[in-house]
Each structure stands twice: as C-alpha cells, then as structure tokens.
Amino acid sequence: MGTEASSGTKLLSICGDCARPGIYEIKLGTPLSEILSLAGATDVQAVLMGGAAGGFVPPGDFGKPICFSGVYSVSGAVVVFNQQRNLLDAVAYYMEFFCHESCGYCTPCRVGNELLKSCIDRIRAGDGTAEDKEYMLSLAGVMKKASRCGLGQTSPNPILSTLTSFPELYEPRLKIEKFKFNLKRATEEASAIAGHTSLHVKEERMQ
Amino acid sequence: MSDTIKFRIDGQEITAKPGQSIIEAADEHDVYIPRLCYHPKVPCHASCRACAVKVNGRVQPACSFPASDGAEVEFDTDEMKDLRRSIVEMLFIEGNHFCPSCEKSGDCELQAVAYRMEIESPRYPFQFPHRDVDASHPDILIDHDRCILCSRCVDASRILDGKNVFEFVQRGIHKKLAVNSDAGLGGTNMELTDEAVHICPVGAILPKRVGFKVPIGERHYDSAPIGSTNGHNPATKDLESHPEK
C-alpha cells in the first residue's frame, strides 16, 4: 500500500474551510485534490500542510501526491483556506504564535521571530518596501541555520512558503520607493498622552 | 579508540582530546572563534550562537559541539562570518546597548566581539525594550538593558558561589533575568566577592562605585581586539593571525 518510496497510510487531521473536517486515514500517494474533495473543500485558495511550521500549498500543486517526494504533512495537520481568507493575516497569526512559543533560549529564534512578525505587520499596514522580501529571506536563513531546536528552524516556513508560492500576496504591498517616515503613526502614542496632535502632523495633513 | 582526535578548521589540522569541544580545541591552537555565553568556568550553555561554525556541512555551536575525528569545520568563510555577525547584531537590537554611556565600555565582550567582527551598525531595527535597573544591593548594580541572557551569572552563582541568586523567567523575547528575592538583588545573599558579579560579559552586573576607575582607553579591549593574548577572557589566546572580519 502506498508508493514504493512512501509505503503505508497516513493519518491526516483536516480542518479549516471544508464541509467534513476530521481525521482521515489515506493511502500515501493519494493526490491532495482527492483528499480535499473527500473533506468537502471547495473554492480553495491554499492548504497548509504540516501545521504552523509547515508550508502553504498553492492550487497549482493540489494534483501532487501526498508522499515524501510530493506534498507532505509530517505532523498530519492539514488546514484548508478558502478564497475568502486573507492569507497574509494567516501568516501574521502563525508568526504571532511562534513569538509566543519561542522559549527564548537561543538568540536567532528569540529575536528572529519578533523581527519577522514586525516585518509582516509592517507590510500589512501598507509600509512594506521592495527590500523587505530580501530582508525576510535572509533573516529566515539565519534562524533556520542557527536556531537551537526545530521551532526556530521551522518557524519561518509560513513566510518562506508564501513568498515562493503566493508572491502576489506581497508584491503589490512592497512599494518600490524607500520607506517613507510616517510622522502621524510615529507620534500617535505621544499625541494620545499629550491630548493633542503635533503641529507638524496637522501641516502634513493640510498639504 | 585513539587518544587524539584530528579534524580540520578551514583546512588547518587541529588535534583534540576525546570529549573536547571544537572551541576548546580551537583555543589550544590559537584559532579564536567568537563566543559570548561560553565561559570555561561554567557549563556550556550554547544559547548565544555567536560561535556558530559549520561542521560537516551543518551549522553547530562550536562551544558545545564535540570535536570528532575527520570533521571538516568551516569557520572563516563569508557565509559563517555573516551568520555570526547577524546573531551578534540581534543581541544589540533586542536590548539597549548605548556603549558611549556604559561603564563596561572597553571591557565588554559584546562590544569587543562586535568590533572584531567590524559591525558598524546592525541590519535589524532597534527594539528599544523597556527594561529595569535593580540598584537595591549596596555593592552591586543590575542593568537589565544590557543583559544578553548568556546564563553565565545563573550558573556561576549556583556552581561557583554555592548560591542560587539568579534564574531566568518568562519566555521568548520577554525572557529575563530574575533574582531570588522579591526585594531585588539587595534581598539576596549575593556578595561583591561572588564569581557571578565578575563573570558577566556585558555591563548588566556591575560592582558599584568603581565605574571609571580604569579610564577609557586603558581597558582590556582598548589596545587589542578580543581574542588577543592581553584580552581578559582566559579562554582566548593571541590570534592576530585570524582576524574575524
């Protein structure tokens, strides 16, 4: 049963946007698309294979078999995201999860997860720049290579897999020009404490 | 089993005794691998990752990874230099390290390693965390702004001083050093003569009232980079032939 290189069956826990979530035992080698129809998932935008530290699989790869050489979920976790979901919000959610999960023992995981999370948040807030993609790739590389345990070595995966398979999530949000200082946002906290807005912010708004 | 292990660091043959780590063997051969949490007086913690090297193609901390026969260690490569530099930069941005106003400047291992790595400014954004100062002890000050969570004081207090003054609390980016008293360091049995005071690689644990007794310019790392013979870290030797650039 299964394929020559990946024999036997696999238990998958399928959840998310599908009519019949649950635990499925499947033959290894079964195409992902077949599993999706078993679970009653339609209008699928992405499937997260392997939980938070796994990877987002795009529709173009749904025909691939579930096995070691195809698409695989080591943990068995499969999360379905339909077209209504904002994938970048999901990525940010998983990074928040890793910031919380990091025990703080080693530097790359303790600091790296925070930096990745704040970069994703910056992109979501509309302040992403063309350099952010390279920045996240290099930061993720440091974490993967130098983290002490599997958490820091795999936590950049939601970002890395979406950068590869869903570049359209990022590209429109990464402005070509250099980062422009947002005076209003930078002074928001101080303005709230002072009870009035800075004169410079008012002038900027009038321009 | 042979009593001598032979392996290579960037092609240079290094001999080691069984059980020695890569960093211990490298120190004996005057190959200086940067390190911050590692100190020969306390158990290896391997948390800072500043000593990352590639062993047989895989990144490992040189301080905890045992030397093994025939291993090929990549140390002075562009990739590994950038990786180590990147990790030290992370340590700078996660705390508040204002070298010009820090009385450890010139004696600080973090600063010295950064100079040796030629870090001018970090590639990551400063986090400016809010951290406290504990001045409750009559002779010792803790400035959490500068703590790099190396665990040297935690282990030194427990093992060398026979006390249990320090422990880490919380997790992730919020992980911090705590003391064994609600009243702060002043409520513990810590004394100025404790090893835990003097083992701190940065300016986080400082003896009071001696701040600038040794003037700037005459301090350990003012005349020669860390890893040179006149550096105060006993694990380091004269390594002018291996500049960490």
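Details of the structure are given in the entry above.
Residues numbered from 1 in each chain as written. Chains lettered and ligands numbered in written order. Predicted model: local features only at pLDDT ≥ 70, side-chain atom pairs only at ≥ 80, totals over all residues. Heavy atoms only, no water.

Draft legend 1. Expanded view of the interface of chain A and chain B. Contacts between the two partners involve 22 residues from chain A, matched on the other side by 25 residues from chain B. The contact between chain A and chain B buries some 2,000 Å² in all, and 59% of this surface belongs to carbon and sulfur atoms. On the surface where chain A and chain B come into contact, there are two salt bridges. Taken together, chain A and chain B are joined by ten residue pairs in polar contact (both at pLDDT 80 or more). Breaking the side of chain A that touches chain B down by element, the ones donating at least two residues are α2 (87–101), α3 (107–124) and α4 (132–146) of chain A. For the side of chain A that touches chain B, the element with the most residues is α3 of chain A, which contributes seven residues. The class makeup of the residues in the side of chain A that touches chain B is eleven nonpolar, six polar and five charged. (Contact = heavy atoms within 4.5 Å. Buried area = accessible area lost by both parts, 1.4 Å probe. Salt bridge = Lys/Arg side-chain N within 4 Å of Asp/Glu carboxyl O. Polar contact = N/O pair within 3.5 Å; in protein donor to acceptor, adjacent residues only side chain to side chain. Helix = DSSP H or I, 4+ residues; strand = E, 2+ residues; numbered from the N terminus. Nonpolar A, V, L, I, M, F, W, Y, C, P; charged D, E, K, R; others polar.)

Draft legend 2. Main features of the packing of aromatic side chains. Residues and elements named next belong to chain A. With the rule as written, the count across this model stands at seven aromatic pairs over all chains. Their ring planes at 75° and their centres at 5.4 Å tell us that Y93 and Y94 sit as a pair that is edge-to-face. Given a relative accessible area of 57%, Y93 falls into the exposed group. Taken together, the aromatic side chains of F56, F81, Y93 and Y94 make up a single cluster linked through ring pairs. Over the face of the ring belonging to Y105 we find R148, whose NZ or CZ atom lies 4.2 Å from the ring centre. (Phe/Tyr/Trp six-rings, centres within 6.5 Å; stacked < 30°, edge-to-face > 60°. Buried < 20%, exposed > 50% of the residue type's maximum accessible area, 1.4 Å probe, protein only. Lys NZ or Arg CZ within 6 Å of the ring centre and 35° of its normal.)

Draft legend 3. Just the environment of C153 of chain B, in detail. All names here are of chain B. Mapped onto the secondary structure, C153 falls in helix α4 (residues 152–160). Residues C153 and F166 lie 13 residues apart in sequence; the distance between their C-alpha atoms is 6.9 Å. Each residue touching C153, except ones within four places of it in the same chain, is listed here: F166, L177, A196, I199 and I205.

Draft legend 4. Broad picture of α4 of chain B. Residue and element names in this part refer to chain B. When we look at burial in α4, the residues that qualify are R152, C153, V154, D155, A156 and S157. Among the structural elements, α3 (109–116), β8 (166–169), β9 (176–179), α5 (195–198) and β10 (205–207) are those in contact with the buried residues of α4. At the C-terminal side of α4, G162 shows a positive phi close to 65°.

Draft legend 5. Representation of a nonpolar patch on the surface. Residue and element names in this part refer to chain B. Among the surface-exposed residues, F98, F126 and F128 lie close enough to one another that they form a single nonpolar patch of about 350 Å² accessible area. Examined against the element boundaries, F98 turns out to sit in the loop between α2 (78–94) and α3. A residue is classified by how much of its surface remains accessible, and F98, at 49% relative accessible area, is partly exposed. (Patch = residues over 30% accessible without salt bridge, like charges linked within 9 Å, V, L, I, M, F, W, Y side chains within 5 Å. Areas by Shrake-Rupley, 256 points an atom, 1.4 Å probe, with all protein chains shown as cover.)

Draft legend 6. Layout of the pairing of strand β2 (residues 12–16) of chain B. Residues and elements named next belong to chain B. Note that strand β1 (residues 5–9) and β2 share five bridges and pair antiparallel. Within β2, the residue paired with K6 across the bridge is T15. Joining the antiparallel neighbours β1 and β2 is a turn of two residues, in which D10 adopts a positive phi near 50°. (Pairing = 2+ DSSP bridges.)

Draft legend 7. Highlighting the packing of α2 of chain A against helix α6 (residues 157–165) of chain A. Residues and elements named next belong to chain A. In the contact formed by α2 and α6, the axes pass within 9 Å of each other and the chain directions differ by 155°. One finds that α2 runs roughly antiparallel with respect to α6. Along the contact surface, α2 presents V91, Y94, M95 and F98, while α6 presents P158, I159 and T162. Split by residue class, the contact of α2 with α6 holds six nonpolar, one polar and no charged. (Axes fitted to C-alpha atoms, helices over the stretch in contact; angles between N-to-C directions. Parallel < 35°, antiparallel > 145°, perpendicular 65-115°, else oblique.)

Draft legend 8. Fine view of the pairing of β8 of chain B. Residue and element names in this part refer to chain B. Residues F166 and F168 point to one face of β8 and are all buried, whereas E167 and V169, pointing to the other face, are not buried. Inspection of the sheet shows β8 paired to β9 by four bridges, in the antiparallel sense. What sits directly across from F166, in β9, is V179. Between β8 and β9, which pair antiparallel in sequence order, lie six residues; one of them, Q170, sits at a positive phi of approximately 60°.

Draft legend 9. Expanded view of the layout of surface pockets. All names here are of chain B. By volume, the largest pocket amounts to about 480 Å³. Along its surface, the largest pocket is lined by 21 residues, and H130, R131, D132, H144 and K176 are the ones closest to its centre. If you list the elements that add at least two residues to the lining of the largest pocket, you get β6 (133–134) and β9. With four residues, the single largest contributor to the lining of the largest pocket is β9. (1 Å grid on protein atoms, 1.4 Å probe; cavity = no way out; pocket = protein on both sides within 12 Å on 5 of 7 lines; lining within 4 Å. Points joined across faces, edges and corners; volume = space filled by probe spheres on them.)

Draft legend 10. Broad picture of the pattern of salt bridges. Residues and elements named next belong to chain A. Throughout the structure, instances matching the rule amount to 24 salt bridges over all chains. Its salt-bridge partner being E188, residue K184 comes within 3.8 Å of it at the nearest N-O pair. Among the residues examined, K184 registers a relative accessible area of 40% and is labelled partly exposed. E188 gets classed as partly exposed once you look at its relative accessible area, which sits at 44%. The structure contains a network of salt bridges with shared partners spanning D89, E96, K117, D121 and R124.

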